[in-house]
Amino acid sequence: MFSSTPREKRRRKIERIAAVTCFLFTMLLVVPVLAILTYLVVRAWPALSLDFILENPQNLMQSGGIWAPLVGTFCLVWLTLAISAPIGILAGIYLNEYARDNWFTRVVSLAVVNLAGVPSIVHALFGFGAFVLTLGMGKSLLAASCTMSVMTLPVIITSTREALAAVPISFRMACWNMGATRWQTIRTIVLPNSMSGILTGVILQISRTAGETAPILFTGVVFYAPVAESGFASILPYSVDQPFMAMSMHLFTLMTQVRGVSEEMQYATAVALVGLILLISGGAIGLRTWLRNHRRW
Amino acid sequence: MRLPESDIQPPRSARKRWAMDLGESSIEMLIRLCGWSSILFVLMIFFFVFREAFPLIGNSEFSFKEFFTSINWRPTSEIRETYGVLAMIVGTLSVTGLSMLFAVPLGLGAAVFLSEFCTGHVKETLKIVIELLAAIPSVVWGFIGYMVVGPLVVEWTDAAIGVNLLTSSILLALMSVPVIVSVGEDSLKAVPDSFREASVALGANRWETIYKVLFPAAKNGLLAAVLLGVGRAIGETMAVLMATGHSTRIPHSLVDPIRTLTATIASEMGEVSRGSTHYQVLFLIGVLLFAMTFLVNLIADLVVRGIRKNG
């Protein structure tokens, strides 16, 4: 009486096949990527050392390390952050706290979505036309940071908006009923309670900035601009009106523009760049997981 | 939580209250300005890219018909420069299409697996791995394509060189999968649990629930996920610059080298002189790319809005 009919057996078989297929598809994404990353590290191992990180590229980049591009990437990231974080966070506040649900807000959020979708190379053309030529910044750290800021703005806006939306509306209502104004409510109640989400978005944005190449290609990055290896000048070597080196561009240069670079050095540069980014975004993900588990409401 | 201090203080003098109102309204103004800035930036991007390409109208060395219908891209020819981007449009579309052929089943399969078949720590770990996939920068993907995937493709197929359509499609697929997985999973998660419960109560098993209930209910979100992946693949620059082989011909097989619109701008922009026809044409390609991705994103947005209204 309880034995299954052939039809039921078939249904169960199909379900199993579907589950296994979905599992295999997921593994097909995860496993090769982990394998490739492991392979990169193995190939880079002989060249990886502290000296590799702390030395300038030397001898037409055929030897030496990655200090100058590393510092350049740091400068780029911080300057980009200083420009885009305030604008992005305030824009996120506007969209979640001030904007009404009307056609204009729809246009604003459509603009955010589209800004996120504009190809990075078009951002580069825009940066070249707007910052390098029209505003007369020339090929410089500042022009590259401005270009990068426009590009990363949507990431910050979207994550800020999501973080703010996660704060229950009852918190705001309680505060308004105490007689607080909008901005007072945001400053004292909404922002402290959504700081974690905003911070995560900002950190993820940093990791994106560190890896991008195309937008800085014509706006400020150069093949070679060495920095001092000791003293104060080795920490803050580039002034905002100068071109600079960056990790992502350095990897591109080593691969396509310079001949005679050993494969170990190329692999080591790639691993250093991926390592830097995984460190930053891993930190952001860790922070988010920790904060999710420690949420107070 | 702290209460706003102004509320526990005695009434302020009129002047101070005025100052407070001023502060409030100025900060509100600032917030509004920043909110509107993204519209401004989109318009500015269009304006500045278009402005540099604008002189092409009326330029005798350039014809729009040739631009769209010729496969001859010879910007530095001594005899007669030709600016035909047809081969690059075909290149961009073929690499995008082929990568979606890999990325859509894998991405949606992974989204279904994460959302419906898997729970707890496994789910969290897999999600983090896929997020890390998104964090790998495109220049590193290009490097991986050139050094790792390319040689494998040469070994396994009869490809002449490692940098070709197939290699770059694999890279683009891996690059656009994270967005497909995360948006797809979100849209499956957005289907109310009552749908699942009702379906199971009627005797459907898990797969039948997914196939007959969840897919129709989440179809707009899944479509938007795919479109966002397409947008990402069209606009990708560095990986395709390093792994497509850079040949301006219409590809005839899966392992032919190709060239994309983005890679053309990236590789030639550094060498052109400002104001030349070649320079303007590169900006025109930028306008074309901007229009293509704008269209894809607009459709994705309309589709997502469709779910919110119906759901």
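Not measured: the values here are computed from a predicted model. (Residues numbered from 1 in each chain as written. Chains lettered and ligands numbered in written order. Predicted model: local features only at pLDDT ≥ 70, side-chain atom pairs only at ≥ 80, totals over all residues. Heavy atoms only, no water.)

> For the overall build of chain B, give the residues involved together with the corresponding values.
Helices and strands together make up the secondary structure of chain B, namely 12 helices and two strands. If you list the helices and strands of chain B from N to C, you get α-α-β-β-α-α-α-α-α-α-α-α-α-α. Its C-alpha radius of gyration of 25 Å places chain B more than 25% over the 19 Å reference for a compact globule of 311 residues. In terms of principal-axis extent, the alpha carbons of chain B reach across some 85 × 65 × 35 Å. In chain B, which comprises 311 residues, the proportion classed as buried is 53%. A sequence separation of at least 24 residues applies to 69% of the contacts in chain B between residues at least 6 apart. Only carbon and sulfur atoms are counted for the fraction: they give 65% of the accessible area of chain B, which is about 14600 Å². (Helix = DSSP H or I, 4+ residues; strand = E, 2+ residues; numbered from the N terminus. Rg over C-alpha atoms; globule rule 2.2 N^0.38 Å. Buried < 20%, exposed > 50% of the residue type's maximum accessible area, 1.4 Å probe, protein only. Contact = heavy atoms within 4.5 Å. Areas by Shrake-Rupley, 256 points an atom, 1.4 Å probe, with all protein chains shown as cover.)

> Go over the domain arrangement of chain A, please, and point to the residues and values.
All names here are of chain A. Domain annotation for chain A reports domain 1 (6–47) and domain 2 (50–293). Across the contact, eight residues belong to domain 1 and eight residues belong to domain 2. Carbon and sulfur atoms make up 76% of the surface buried where domain 1 meets domain 2, a total of about 720 Å² over both sides. Considering only the surface of domain 1 that becomes buried against domain 2, Leu40, Arg43 and Ala47 emerge as the three largest contributors, covering 64% of it. The interface formed by domain 1 and domain 2 includes one salt bridge. In this structure, the salt-bridge partner of Arg43 is Glu263, at a minimum N-O distance of 2.6 Å. The interface formed by domain 1 and domain 2 includes one residue pair in polar contact (both at pLDDT 80 or more). The class makeup of the residues in the side of domain 1 that touches domain 2 is seven nonpolar, no polar and one charged. (Domains from an automatic or database assignment. Buried area = accessible area lost by both parts, 1.4 Å probe. Salt bridge = Lys/Arg side-chain N within 4 Å of Asp/Glu carboxyl O. Polar contact = N/O pair within 3.5 Å; in protein donor to acceptor, adjacent residues only side chain to side chain. Nonpolar A, V, L, I, M, F, W, Y, C, P; charged D, E, K, R; others polar.)

> Lay out the interface of chain A and chain B in plain terms, naming residues and giving numbers.
At the junction of the two partners, chain A supplies 85 residues and chain B supplies 85 residues. When chain A packs against chain B, the two sides together hide about 7600 Å² of surface, and 78% of this comes from carbon and sulfur. A per-residue breakdown of the area chain A buries against chain B is headed by Leu29, Leu125 and Met255 of chain A, which together make up 9% of the total. With a closest N to O distance of 2.7 Å, Arg11 of chain A and Glu208 of chain B form a salt bridge.

> Give a description of the environment of Thr92 of chain B that names residues and reports values.
All names here are of chain B. Inspection of the secondary structure puts Thr92 in helix H3 (residues 86–117). Among the residues examined, Thr92 registers a relative accessible area of 1% and is labelled buried. Considering only alpha carbons, one finds Thr92 and Thr237, 145 residues apart in sequence, at a separation of 11 Å. Contact partners of Thr92, with chain neighbours within four places excluded, come to Ile234, Arg259, Thr260, Leu261 and Met292.

> If you had to explain helix H7 (residues 169–177) of chain A to someone new, which residues and values would you point to?
Residue and element names in this part refer to chain A. Where H7 is concerned, the buried positions are Phe171, Arg172 and Cys175. Around the axis of H7, the buried residues are gathered within 95° of arc, so they sit on the same side. Contact partners of the buried residues in H7: helix H3 (67–98), helix H6 (141–165) and helix H8 (182–211). Where H7 ends, the next residue or the one after it, Gly179, has phi of about 95°, a positive value. (Arc of directions from axis to C-beta.)

> Let's hear about the pattern of salt bridges: which residues, and what values?
All names here are of chain B. For the coordinates displayed, the defined rule picks out 12 salt bridges over all chains. With a shortest N-O distance of 3.0 Å, Arg51 and Glu52 are connected by a salt bridge. What makes Glu52 buried here is its relative accessible area of 7%. In this structure, the salt-bridge partner of Glu52 is Arg274, at a minimum N-O distance of 3.7 Å. Linking Glu52 in helix H1 (residues 14–53) with Arg274 in the loop between helix H11 (261–268) and helix H12 (277–310), this pair joins segments that are 222 residues apart in sequence. A single network of salt bridges, built from pairs that share partners, joins Arg51, Glu52 and Arg274.

> Account for the side chain of Thr200 of chain A, naming residues and giving values.
Residue and element names in this part refer to chain A. With respect to the helices and strands, Thr200 occurs in helix H8. Taking relative accessible area as the criterion, Thr200 reaches 5% and is therefore assigned buried. Sequence-distant contacts of Thr200, defined by excluding residues within four places in its chain, comprise Ala284, Leu287 and Arg288.

> Can you lay out the packing of aromatic side chains for me, pointing to particular residues and giving the numbers?
For the structure shown, the criterion picks out 22 aromatic pairs over all chains. Where Tyr39 of chain A meets Tyr267 of chain A, the ring centres are 6.1 Å apart and the plane angle is 85°; that geometry is what we call edge-to-face. Of this pair, Tyr39 of chain A sits in helix H1 (residues 6–44) while Tyr267 of chain A sits in helix H10 (residues 263–293), and the two are 228 residues apart along the sequence. Assessed through its relative accessible area of 35%, Tyr39 of chain A is described here as partly exposed. For Tyr267 of chain A, a relative accessible area of 1% translates into the label buried. Centroid distance Phe128 of chain A to Tyr279 of chain B: 6.4 Å. Interplanar angle 65°. Geometry classified as edge-to-face. One end of the pair, Phe128 of chain A, is in helix H5 (residues 120–134); the other, Tyr279 of chain B, is in helix H12, on a second chain. Overall, the relative accessible area of 2% leaves Tyr279 of chain B in the buried class. (Phe/Tyr/Trp six-rings, centres within 6.5 Å; stacked < 30°, edge-to-face > 60°.)

> For the nonpolar core, give the residues involved together with the corresponding values.
Ranked by size, the top nonpolar core spans 191 residues in total, and within it Ile121, Phe218 and Tyr238 of chain A together with Trp141, Leu261 and Met269 of chain B carry the most contacts. Here this core takes 15 residues from H3 of chain A, the largest share from any one element. When residues are assigned to domains, this core turns out to be shared by domain 1 (6–47) and domain 2 (50–293) of chain A, each giving three or more. Look past the residues within four positions of Leu261 of chain B in its chain and what remains in contact with it is Val85, Met88, Ile89, Thr92, Ile285, Leu288, Leu289 and Met292 of chain B. (Core = buried A, V, L, I, M, F, W, Y, C linked by side-chain atoms within 4.5 Å.)

> How would you summarise the packing of helix H5 (residues 138–156) of chain B against helix H6 (residues 165–189) of chain B if you had to cite specific residues and measurements?
Residues and elements named next belong to chain B. Interaxial distance between H5 and H6 falls to 9 Å at its minimum, and their mutual angle equals 135°. Relative to H6, the element H5 is oriented oblique. Two packed elements cross with a definite hand, and for H5 against H6 that hand is right-handed. On H6, the residues touching Ser138, Trp141, Gly142, Gly145, Val149, Gly150 and Val153 of H5 are Leu166, Thr167, Ile170, Leu171, Leu174 and Met175. (Axes fitted to C-alpha atoms, helices over the stretch in contact; angles between N-to-C directions. Parallel < 35°, antiparallel > 145°, perpendicular 65-115°, else oblique. Left-handed = near helix turned anticlockwise from the far one by under 90°.)

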